[in-house]
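Spelled out from the first residue to the last, the chains are:
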Amino acid sequence: MCGIVGMVGENLKLEDLVISLQKLEYRGYDSAGIAYLGDNFGVYKKKGRIDVLRNGLKQKLNDRFFVGIAHTRWATHGEPNDINAHPHMDCKEEIAVVHNGIIENYREIREFLEQRGHIFSSETDTEVIAHLVEEEFEGDLLDAVLKAVKKLKGAYAIAVVHKSVPDTIVAARKGSPLVAGIGNGVGILASDVTPLLRFTKDVVFLEDGDVMVLRKDGFEVYNTDGVKQQRKIYHVDWDEKAAEKGGYKYFMYKEIMEDPQALVNALVGRVKNDRPFFEELEYYEELLKGADRIRVVSCGTSYYAGLVFKYFLENHTDIDVEIEVSSEFRYKRPHIKEGDILIAISQSGETADTLESVRLAKKHGAKIVSIVNVVGSTLDRESDVTLFMNAGPEIGVAATKTYVAELAVLYLLGLKIMEINGYWDREAEDILDKLVRMPELLENVLRKDPQIRELSEKYKNYRNFMYIGRGYSYPTALEGALKLKEITYIHATAYQAGELKHGPIALLDVDFPVFAVMPDDSLFFKTKSNVIESKSRNAPVIVLGTEGNRSLEEITGDIIHVPPTHESLYPLMMAPVVQLFAYHIADLKGLDPDKPRNLAKSVTVE
Ligand code: M6R
């Protein structure tokens, strides 16, 4: 996720462009840049937060411009540095482009353009857009952009300016948001409405496939064939503060609502010809071939994602997956030999224990495959190969959309390992198919939000919770309990359902509810009997189960249903439910879920 802005008008100062960009800082903050046409055509971009950009521009903030674009970056292709920062330019430095999204086929396009003599300066996928527009430009910017976007695969929101066109921005959208409006002599577009509100509250949301020509006093929208489209104007009655969170009260809530998009972003470009595909693994396939054991290290929510991977790979192959919490792994004899694969999972890529585990494993000859959200983080740099989550920045301390993204990457990796090692079969095909269709189903799960809030209201005053699940549902139970603990401060414990009668059942009574994770899978009846045992101890029961299973009603009236899927994919399908349940309890108790006490977003010390 990145933030883009475009402004065109009279009497605009660079300060206006920077202020507008700052409203989008939550969308990315590893580098920022602007391109503008005033007395000259200038581009200025810098690694770091927007304040670094602002400082660098200090002498110029009062300079006037007619047309300008700006970008705040959350790196996906190429580490965060001055060169990879947007805007990107063509060879003649006449065209500048900002982009939010991922261009799937950028390698093919880049090769084609290099053969035609284009010189690239960055490692980004975005730069191909600037060169493509250059290739197509024959004096009409709209025409060139229309031709260029036809060649792009993936997700994008782009804004393009040309040195010889002082009164127009051409923008396009497919899969990444873009909204535009006209204020008093100012045309403005952005990734969300926040920057627009200083100028207007009447806005138009671009749709997939739209290409827009924006001027200071109006705009036209076309489809990719150049046919004019009508778009509705919406009146947005938000204040600027609320808009930063997309109208949501907390970032955590917004980020849960982004679960489906995070899943899409993690999958983009990673399925080819109905098979899992990781460009990044090109040179490592040999290592994954014939592996009889894979080690995994991670912490917290990332550890639970790793646990799902263990169940997945062990259920579908003869490969052993040994997973360990990083803070334990780093202090044990590592049992690693030359050429072993160690998978390290970390949203931040800065978790101290995970980094130390990786360093230890490397010393013993392991190859490190990491799954990371933050491009350029220490873990990314120290790994042999990094598979990025592409979830965009997560501001809330609780991991939510990044858990979804971690799971997506791990399922794909599991399927890839199956394929490489001769385990590919009809079932693998079915899982991949269901994974690719999952974003839409996650939207359905999110529609249960009002019902989940009602349940949260009913249960918010209990002081203890027991989460249970078997097999794939055990990590979901662990994740549900962790979410509840960290943002509501309610004590919650998680057990494999079969372990209940080995001790924990003694805790249960009318004041100790059970949250049972029990989809329609091969272990359903086993879990059901554990839940019935809990009920006989008078424990209130919440069930998270599968739509259409009427037998859940025999257990409790407090049921949250999710759509059916392959049994291995339920952790993904159910993640938003446990996240929302914890979120609503925190909110109803008046707690700030974005900043839970005693916790930091990344744990960079032991
Ligand atoms: O950045 P990481 O994925 O390495 O972080 C690991 C844990 O610190 C993190 O998942 C933590 O447990 C979250 N606050 C859970 O919501």
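Please refer to the structure placed before this passage.
Bear in mind the structure is a predicted one, so any value in this text is a computation, not a measurement.

A separate point is the site of the ligand. The environment of the ligand is made up of 14 residues, and the closest members are Ser302, Ser346, Ser348, Thr351 and Glu486. In this structure, Gln347 approaches the ligand through a main-chain N or O atom, which is 2.7 Å from an oxygen atom. Between an oxygen atom of the ligand and a side-chain N or O atom of Ser348, the distance comes to 2.7 Å. Surface burial for the ligand is 90%, taken as the share of its 410 Å² of free accessible area covered by protein chains. Listed by contribution, the elements that provide at least two residues to the shell around the ligand are helix 10 (300-316) and helix 17 (473-488). Its residues assigned to classes, the shell around the ligand comprises 5 nonpolar, 7 polar and 2 charged.

The next thing to look at is the packing of aromatic side chains. We describe a pair of aromatic rings using the distance from one ring centre to the other and the angle between the two ring planes. As enumerated under the stated definition, the model contains 17 aromatic pairs in all. Measuring from centroid to centroid gives 5.5 Å for Tyr29 and Trp74, while their planes differ by 75°, and the two rings are edge-to-face. Of this pair, Tyr29 sits in the loop between helix 1 (14-22) and strand 2 (31-37) while Trp74 is found in the loop between strand 4 (64-73) and strand 5 (88-89), placing the two residues 45 residues apart along the sequence. On the basis of relative accessibility, which here comes to 6%, the residue Trp74 falls in the buried class. Ring centres of Phe312 and Tyr411 lie 5.5 Å apart, and the angle between their planes is 80°; on these two criteria the pair is classed as edge-to-face. Placement of the pair is Phe312 in helix 10 and Tyr411 in helix 14 (residues 401-420), with a sequence separation of 99 residues.

Turning to the sheet that holds strand 14 (residues 228-229), a few remarks are in order. Taken in spatial order, the 7 strands line up as 5-6-7-8-12-13-14 in an open sheet, and their pairing is antiparallel. The strands lining the two open edges of the sheet, one partner per strand, are strand 5 and strand 14. Two elements, strand 8 (residues 169-174) and strand 12 (residues 211-215), share 4 bridges in a ladder whose sense is antiparallel. Counterpart to Ile169 in the pairing with strand 12 is Leu214.

What follows covers unusual backbone geometry. For residues that are not glycine, phi is negative in most cases, and the peptide bond is trans in most cases. Along the chain, His86 connects to Pro87 via a cis peptide bond; the corresponding omega equals 0°. The residue Pro87 is located in the loop between strand 4 and strand 5 in this model.

To continue, consider the side chain of Lys528. For Lys528, the location among the structural elements is in helix 18 (residues 524-536). When its relative accessible area of 11% is taken as the criterion, Lys528 is described as buried. In terms of polar contacts, Lys528 uses its side chain to reach the side chain of Glu554, at 3.0 Å.

So, on to the packing of helix 10 against helix 17. Packing of helix 10 against helix 17 brings their axes to within 9 Å, and their N-to-C directions diverge by 170°. The angle between the axes of helix 10 and helix 17 places the two elements in the roughly antiparallel class. Every residue of helix 17 that contacts helix 10 at Gly300, Thr301, Tyr304, Leu307, Val308 and Tyr311 is listed here: Tyr474, Pro475, Leu478, Glu479, Leu482 and Lys483. Split by residue class, the contact of helix 10 with helix 17 holds 8 nonpolar, 2 polar and 2 charged.

Another point: the packing of helix 3 (residues 106-115) against helix 4 (residues 127-136). It is the contact of helix 3 with helix 4, at a shortest axis distance of 10 Å, that shows an interaxial angle of 45°. As summarised for this structure, helix 3 and helix 4 are arranged oblique, according to the angle between their axes. For the element pair helix 3 and helix 4, the recorded crossing hand is left-handed. For the pair formed by helix 3 and helix 4, the contact residues are Tyr106, Ile109, Arg110 and Leu113 on the first element and Val128, His131, Leu132 and Glu135 on the second. Counted by class, the contact of helix 3 with helix 4 contains 5 nonpolar, 1 polar and 2 charged residues.

The rules behind these values
Residues numbered from 1 in each chain as written. Predicted model: local features only at pLDDT ≥ 70, side-chain atom pairs only at ≥ 80, totals over all residues. Heavy atoms only, no water. Near = heavy atom within 4 Å. Polar contact = N/O pair within 3.5 Å; in protein donor to acceptor, adjacent residues only side chain to side chain. Areas by Shrake-Rupley, 256 points an atom, 1.4 Å probe, with all protein chains shown as cover. Helix = DSSP H or I, 4+ residues; strand = E, 2+ residues; numbered from the N terminus. Nonpolar A, V, L, I, M, F, W, Y, C, P; charged D, E, K, R; others polar. Phe/Tyr/Trp six-rings, centres within 6.5 Å; stacked < 30°, edge-to-face > 60°. Buried < 20%, exposed > 50% of the residue type's maximum accessible area, 1.4 Å probe, protein only. Pairing = 2+ DSSP bridges. Axes fitted to C-alpha atoms, helices over the stretch in contact; angles between N-to-C directions. Parallel < 35°, antiparallel > 145°, perpendicular 65-115°, else oblique. Contact = heavy atoms within 4.5 Å. Left-handed = near helix turned anticlockwise from the far one by under 90°.

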